Amino acid sequence: MSIKLKEIFKPEYVQKEFYTGGHIEWTPDGHNLLCQCGPRVSILDIETTTLVDTIPQRTGSDKTGDGENEEDECTDSVITFTLDPTSKNLITSHKSGLLCTWDWNEKKLTKSWRHLHKGPVIKLAITSDQIIASGGTDSIIRLWQSEKAHCLYALHGAQGNISALKYLQLSNSKYWLFAADLQCEIHVWSCDDGKHLFKLQGHFSTVTELAFYKKQYLISSGRDKVIILWDLESKLQLKMVALYDCLETMAVLPENGFYLQGLDNELKNTHVIPNGICVAAGGENGELHIWDVKNNVPIFKECIADGQSIKSTKSITNMIFNETRSILAICYVDNTITLQSFGPQHSKLTLIGSNDEILDVALLGNECSRSLAVAINSCDIYIFPWHKKKIESDDNCEIYNVELGVCCKRLKGHTDTVLCLASYKNFLISSSKDHSIRVWLYCNVSRTAKCVAIGSRHTGAINTVAISKSLEFIVSASTDTTLKLWKLPKTFKSDEQHILSVKLTEVGHEKDINSICIAPNYQTIATGSQDKLIKIWSANDLSVLGICRGHKRGVWCVRFSPIDQVLLSSSADTTLKIWSMADYSCLKTLESHDSSVLKGGFLNHGTQVASCGGDGLVKIWCLKTSECISTLDKHSSKVWALSIVDDGSIMVTGGTDSRLVVWHDRTEEVRISEAAASQTKALQDQQLQNLLQNEQLLPALKMSITLERPNTALKIIQTLSKQGQGQDLKMVFQNINQEQKERLLNYVVDWNSNGKYCLAAQLVLNILLEDIMIGKLTINQEKLQGLMAYSERHYRRLTTLMTNLQLLRYTTNCMAPHLSNK
């Protein structure tokens, strides 16, 4: 059976960031969650947990992310935003000093103006009457009328940065504005006349959040680790609740009750009907506090699990509750968002707003229920759902595309950064800087995994780990230069974690061991180290079978071929090498990378190799010719992770640029498409020749533009001009699409630069000028200047020619009577 090379890989999915820290906000109906993301506000659909749109909208809507980095660099960054209660307008504050109003339904900019603050606007609030309050770092709060962008009042009294800003609606048209400043004071103004009414003093550190309850009470939280309940009628402090946590955010829970199921085993399916005022708060410790502040009674406190260190906890930065869906959105410092349900139907989702540096990836589960495990420079492992979708094809063949959702499951257990992942079927092995390895068992139904075994005998960070396909043992290697073989139990208890026992231990190398792999026959193990050596070990007793020498720098990766007795290695010396397992000699050296080759692997039945490196490139090699047949460029920095799925039909890569890219092999589809396009083009070429031969010039002109034949189109236009059929061109140009008109305009720019073809160019330009004037056709400044310069030159030349012609005619007329007398 002949094996066809896989040459064309397309990045058909790039996991995009949708939250980079900062403000979040619910839409009133709870269908969408708005998240701050660099120069944009992302709109997340809660039902599908997918990114549906952005404000401002991206110019490219494709899922591959082409051109987004360049586009984002020239886009004005969003500092904060707010959505009005009627979902009519979205207000954004920008780094350039602009306040912008966006139509929520059309996602279009309706108005922008200077905010007049001396510093950036860091807080925004808006009423249903479209009165905007902007609070900046200059201690001034300004009230704006949204439609006219008119400043109504400048409110003075606060000092320093505005840390919190909220409206309180007292009646249909009467509002109070509450703001907290750098002096830990809460100021209140009347929005009718802009007068300062009163201020509340009680906090001793920055006030981070303000909330209201029944227009009677004000609740404030601060970094002084307390929540204060205020009575707005008497302007007095009623309660001060100490939570012993630097609070960053707070949300008031519904007064008619809520469910605590899923938050804690003891409180599962518990319906809480509060007697007072219940709030959820979070801060530096990363713990969720639920407290009755009116009665000063704790209801729930999320505790750190046993065995987890402080490093594994994430500080809570923002929190917002949606009453329509009874969902609490909790933002953490690592840009993850947890959607915790407080309704009768339990659900808890984790959304990855933006990835950190991706260190490794591994595929889990069967074909019907796959997931991708990712190590993202964190103590936790993230499990992303693997969605396989059928896409449309013009060739009547089934083409599938794989996408990774932003909704994921988080596996907690390690207390320091996870460095390596290895998987086989439903087993996932992870190694970490906490000197331990963990065995996770994946469930195809729930698409999550549970830790079933732990091994901790290494004295250094465990850089690499591998599992045998016989599921009998695990091999790990560490910075302590040792190699350990762990016995894997045949059965696991569901209620407790098994402690793995070390079967064999050997000092492997003189320096750190970077990679380890197990042969397909489970009898041989290979290790690659920073000492430039590759060692081959017996899996029975960890005795050294052979040593491969040849790399000039440290070895980053080793992989056995699935069919041949050869080994692949990649190194910091920018090369890949193929080694014979018979005599441990180097068979081939693959050179094309410009930097360290960090990962490699076999694909297409061992006939090809895929590699990725520090140059941000992914390369596909043919082993028969030792040539690089394809270079894939989608990453902007080091590519640490490479996972080959279905023998190379799909590849997943990730690296320092925080991008997860899913590559699909489209070699066969592209070949079929190219053959069909070639056949279609040949048929159209023959039709064009038939039209020219039959002197059907107008249809031939339209087809020549379609086939991108500028010379043929020029000859036809010149012929029609000589025959006096120039007016018929207008009818032809009205029947071509916008893309063809733009193509024709580019032809005109080239033709107009040559005096021989200027008449044809001016004839076509005269017809296209109508579309240019009404805005249907756009022309850039450079091309416009070229057209004007050459057109003026042609005009001067023709004017001089007409002048000389008139002078000649005058001279001829003057000489005519004398000629007749003779």
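Only a predicted model underlies this, so the values are computations on that prediction, with no experimental measurement involved. (Residues numbered from 1 in each chain as written. Predicted model: local features only at pLDDT ≥ 70, side-chain atom pairs only at ≥ 80, totals over all residues. Heavy atoms only, no water.)

Visitor: Describe the sheet that holds strand 53 (residues 586–591), and please don't skip the residues or the numbers.
Guide: If you trace the four strands from one edge of the open sheet to the other, you get 50-51-52-53, paired in antiparallel fashion. Strand pairing shows two members of the sheet lacking a second neighbour, strand 50 (555–560) and strand 53, which therefore form its edges. The mean inter-strand angle of the sheet, taken between neighbouring strand axes irrespective of direction, is 20°. Two strands pair when backbone bridges link them, and strand 52 (residues 575–580) and strand 53 are joined in this way by five bridges, in the antiparallel orientation. Each residue of the ladder has a partner; that of Leu-576, found in strand 53, is Leu-590. (Pairing = 2+ DSSP bridges. Helix = DSSP H or I, 4+ residues; strand = E, 2+ residues; numbered from the N terminus. Axes fitted to C-alpha atoms, helices over the stretch in contact; angles between N-to-C directions.)

Visitor: Can you lay out the environment of Glu-472 for me, pointing to particular residues and giving the numbers?
Guide: Within the secondary structure layout, Glu-472 lies in the loop between strand 41 (462–467) and strand 42 (473–478). Sequence-wise, Glu-472 and Lys-487 are 15 residues apart; in three dimensions their C-alpha atoms are separated by 6.4 Å. Those residues within four positions of Glu-472 in sequence are excluded, and the remaining contacts are Trp-486, Lys-487 and Leu-488. (Contact = heavy atoms within 4.5 Å.)

Visitor: Give me the lowdown on the packing of aromatic side chains, citing residues and values where you can.
Guide: Per the counting criterion, the structure on display carries 11 aromatic pairs. When the ring of Phe-321 is compared with that of Phe-342, the centres are 6.1 Å apart and the planes differ by 80°; the resulting orientation is edge-to-face. Of the two residues, Phe-321 is situated in strand 28 (residues 316–322) and Phe-342 in the loop between strand 30 (336–341) and strand 31 (348–352); the sequence distance between them amounts to 21 residues. Residue classification places Phe-321 among the buried positions, given a relative accessible area of 13%. Since its relative accessible area comes to 2%, Phe-342 is described here as buried. Taken together, a centroid distance of 6.0 Å and an interplanar angle of 35° make the contact between Tyr-747 and Trp-751 tilted. With Tyr-747 and Trp-751 both in helix 6 (residues 738–752) and four residues apart, this pair spans about one turn of that helix. Of the residues examined, Trp-751 reaches a relative accessible area of 6% and is grouped as buried. (Phe/Tyr/Trp six-rings, centres within 6.5 Å; stacked < 30°, edge-to-face > 60°. Buried < 20%, exposed > 50% of the residue type's maximum accessible area, 1.4 Å probe, protein only.)

Visitor: Break down the sheet that holds strand 11 (residues 131–136) for me, with residues and values.
Guide: The antiparallel open sheet is built from four strands, whose spatial order is 10-11-12-13. Lying at the two open borders of the sheet, with one neighbouring strand each, are strand 10 (121–126) and strand 13 (150–155). Geometrically, the sheet is characterised by an average inter-axis angle of 25° between neighbouring strands, direction not taken into account. Sheet analysis places strand 11 next to strand 12 (residues 141–145), joined by five bridges and oriented antiparallel. Across the sheet, residue Ala-133 finds its bridge partner in strand 12, namely Leu-143.

Visitor: Mind laying out the nonpolar core, listing which residues take part and the relevant values?
Guide: Core analysis: the largest hydrophobic core is formed by 33 residues, its most contacted members being Leu-701, Phe-733, Leu-744, Trp-751 and Val-764. Contributing elements (two or more residues each) for this core: helix 2 (667–693), helix 3 (697–706), helix 4 (710–722), helix 5 (728–734), helix 6 and helix 7 (758–774). When residues in this core are grouped by element, the largest group, seven residues, is from helix 7. Contact partners of Phe-733, with chain neighbours within four places excluded, come to Leu-701, Ile-705, Lys-741, Leu-744, Val-764 and Ile-767. If you look at the next biggest cluster of nonpolar residues, it comprises 20 residues, including Tyr-13, Ile-358, Leu-372 and Leu-404. (Core = buried A, V, L, I, M, F, W, Y, C linked by side-chain atoms within 4.5 Å.)

Visitor: Would you mind going over the packing of helix 2 against helix 3 in detail, with residue names and values included?
Guide: One way to put it is that helix 2 packs onto helix 3 with a least axis distance of 8 Å and a crossing angle of 155°. Between helix 2 and helix 3, the angle is such that the two are roughly antiparallel. Where helix 2 crosses over helix 3, the two elements pack in a sense that is left-handed. Of the residues in helix 3, those in contact with Gln-684, Gln-687, Leu-688, Leu-691 and Leu-692 of helix 2 are Leu-697, Pro-699, Ala-700, Met-703 and Ser-704. By residue class, the composition of the contact of helix 2 with helix 3 is seven nonpolar, three polar and no charged. (Parallel < 35°, antiparallel > 145°, perpendicular 65-115°, else oblique. Left-handed = near helix turned anticlockwise from the far one by under 90°. Nonpolar A, V, L, I, M, F, W, Y, C, P; charged D, E, K, R; others polar.)

Visitor: Would you mind going over the pairing of strand 21 (residues 236–242) in detail, with residue names and values included?
Guide: Direction of pairing for strand 20 (residues 226–231) relative to strand 21: antiparallel, over a ladder of six bridges. Residue pairing in the sheet places Ile-228 in a bridge with Met-240 of strand 21. The loop that links strand 20 with its antiparallel partner strand 21 comprises four residues; one of these, Lys-235, has a positive phi angle of about 60°.

Visitor: Explain unusual backbone geometry to me, using residue names and the numbers behind them.
Guide: Residue Pro-56 is reached from Ile-55 by a cis peptide bond, and omega for that bond is -5°. With respect to the helices and strands, the residue Pro-56 is situated in the loop between strand 5 (50–55) and helix 1 (68–73). Of note, the phi angle at Lys-235 is positive, near 60°, even though the residue is not glycine. Looking at where Lys-235 falls in the secondary structure, it is placed in the loop between strand 20 and strand 21. Not every positive phi belongs to a glycine, and Ser-658 is a case in point at roughly 70°. In this fold, Ser-658 is placed in the loop between strand 59 (650–655) and strand 60 (660–665).

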